[in-house]
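What follows is each chain in one-letter form.
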Amino acid sequence: MRLSLFKSLPFLPQAIHRRWGFRMLLPGKSQQSGRVYLVGAGPGDAELLTLKAWRLLQQADLVLYDDLVSDELLAMLPAKLDKRYVGKRCGVHSLSQQQICRLLVTEAQAGKCVVRLKGGDPAVFARSAEECAALENAGIAFAIVPGITAASGLSAWCGIPLTHRDCAQSVRFITARMKCPQSEPNWANLVLGSKEGETLVFYMGLNRLDLICQRLAGHGMAADMPVAVVENVSQLNQQRVTGQLEDIAAKVAARQFQGPALIVVGKVVSHRVKVSPALLDQAAALSGNRGY
Ligand code: SAH
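Residues numbered from 1 in each chain as written. Predicted model: local features only at pLDDT ≥ 70, side-chain atom pairs only at ≥ 80, totals over all residues. Heavy atoms only, no water.

Enquirer: Explanation requested: the pairing of strand 9 (residues 198–203) in the structure shown.
Expert: The side chains of a regular strand alternate, residue by residue, between the two faces of the sheet. Where burial is concerned, most of strand 9 is hidden: 6 out of the 6 residues are buried. Burial of the side chains of strand 9 extends over both faces: Glu-198, Leu-200 and Phe-202 are buried on one face and Thr-199, Val-201 and Tyr-203 on the other. Two strands pair when backbone bridges link them, and strand 8 (residues 170–175) and strand 9 are joined in this way by 6 bridges, in the parallel orientation. Bridged to Ser-170 within strand 9 is Glu-198. Considered for its hand, the β-α-β crossover made up of strand 8, helix 8 (residues 187–195) and strand 9 is right-handed. When strand 9 meets strand 12 (residues 261–265), the two strands line up antiparallel, connected through 3 bridges. (Buried < 20%, exposed > 50% of the residue type's maximum accessible area, 1.4 Å probe, protein only. Helix = DSSP H or I, 4+ residues; strand = E, 2+ residues; numbered from the N terminus. Pairing = 2+ DSSP bridges. Right-handed = clockwise from strand over helix to strand, strands pointing away.)

Quick look at the structure:
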């Protein structure tokens, strides 16, 4: 009896957390115990990382990063930090979502401080909910550090407001890729929202740009509705194309975008102001050769 109690002691905090929802911290143990931070890396410019994210990256034992995390940021990470790519490129997963969840759990159970680094914000189309659920079920302590989502980066780097008192009272982030590949967004509802002054921002929509425009037009959106498509937001190779619902797909096809890209549909696009993103980059501003 005494022996079995002894044996189960290491699992006691997890059991208590699972049963009653609060954590038991063993004295002197909290610093070493495994934990996970789901951290937003922002859209690409490394300086868009938060100070909190930066501090945690200095302390981490292991970082598991996605495809959208920029090379510029990866190059700045501590050399001794164990960095593992767990992303998806051109539809090919290096690890399945289930495997990633399992890896987070096992590495934290091994006592490591793990940073799960995701492009943009971890709460926006990033499957964080599944990873959080896996950690919660395993009784592992975890926390989330927000990041700048690609739409906010686009707004700043292109001078396109997401809302505007004159024409856009709300903004909607939409995924063009649903859980079930055959399903599509509720187009009628999106067009209604747009008519009532909502900006529509499509994530993961580049390959479906033509379809998106056709569906919006088919549900009554004006052919001259302004649209912007922006690739590699906040990075040196950022590219932007603006047009209207009726011609944007052809314009973008002519430029052969590879992605990642966002599609902004709404009158805010015609309120674009001429920002100078080069001013945001000290090195490039000094040499004067940033080519947005
Ligand atoms: N969590 C991310 C979104 C991940 S979904 C965020 O908050 O930004 C992946 C999609 O995000 C891409 O297909 C693209 O539509 C968009 N995206 C991410 N980074 C981008 C970038 N630097 N430039 C343009 N679009 C980007």
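Enquirer: Just to check I follow, could you spell out the sheet that holds strand 3 (residues 82–85) for this structure?
Expert: Pairing is parallel in the open sheet, where 5 strands are placed in the order 3-2-6-1-7. At either end of the open sheet lies a strand with only one pairing partner, and these are strand 3 and strand 7 (141–145). When strand polarity is set aside, the average angle formed by the axes of neighbouring strands in this sheet is 20°. Where strand 1 (residues 35–40) meets strand 7, 5 bridges bridge the pair, whose relative direction is parallel. (Axes fitted to C-alpha atoms, helices over the stretch in contact; angles between N-to-C directions.)

Enquirer: How should I be thinking about the site of the ligand in this particular structure?
Expert: Neighbouring the ligand are 18 residues; Pro-43, Asp-121, Val-124, Thr-149 and Ala-261 lie closest to it. Here an oxygen atom of the ligand sits 2.7 Å away from a polar atom, N or O, in the main chain of Ala-261. In isolation the ligand exposes 540 Å². Once the protein is present, 93% of that is buried. The residue inventory of the shell around the ligand, partitioned by class, reads 12 nonpolar, 5 polar and 1 charged. Of the residues that make up the shell around the ligand, three or more belong to each of domain 1 (33–148) and domain 2 (151–271). (Near = heavy atom within 4 Å. Polar contact = N/O pair within 3.5 Å; in protein donor to acceptor, adjacent residues only side chain to side chain. Areas by Shrake-Rupley, 256 points an atom, 1.4 Å probe, with all protein chains shown as cover. Nonpolar A, V, L, I, M, F, W, Y, C, P; charged D, E, K, R; others polar. Domains from an automatic or database assignment.)

Enquirer: What exactly am I supposed to notice about the packing of aromatic side chains here?
Expert: Centre distance and the angle of the planes are the two values used to describe a pair of aromatic rings. This model, assessed by the stated rule, comprises 4 aromatic pairs. On the basis of an interplanar angle of 65° and a centroid distance of 5.0 Å, the ring pair of Phe-125 and Tyr-203 is categorised as edge-to-face. Residue Phe-125 is located in the loop between strand 6 (113–118) and helix 6 (128–137), and its partner Tyr-203 is located in strand 9; the two are separated by 78 residues in the primary sequence. Joined through ring pairs, the aromatic side chains of Phe-125, Phe-173 and Tyr-203 make up one cluster. (Phe/Tyr/Trp six-rings, centres within 6.5 Å; stacked < 30°, edge-to-face > 60°.)

Enquirer: Would you mind going over helix 7 (residues 150–158) with me for this structure?
Expert: Residues three or four positions apart in an α-helix share a direction because the helix packs 3.6 residues into each turn. Listed in full, the buried residues belonging to helix 7 are Ala-151, Gly-153, Leu-154, Ser-155, Trp-157 and Cys-158. In the stretch just after helix 7, Gly-159 is the one whose phi turns positive, near 70°.

Shape descriptors only; they carry no functional weight alone.
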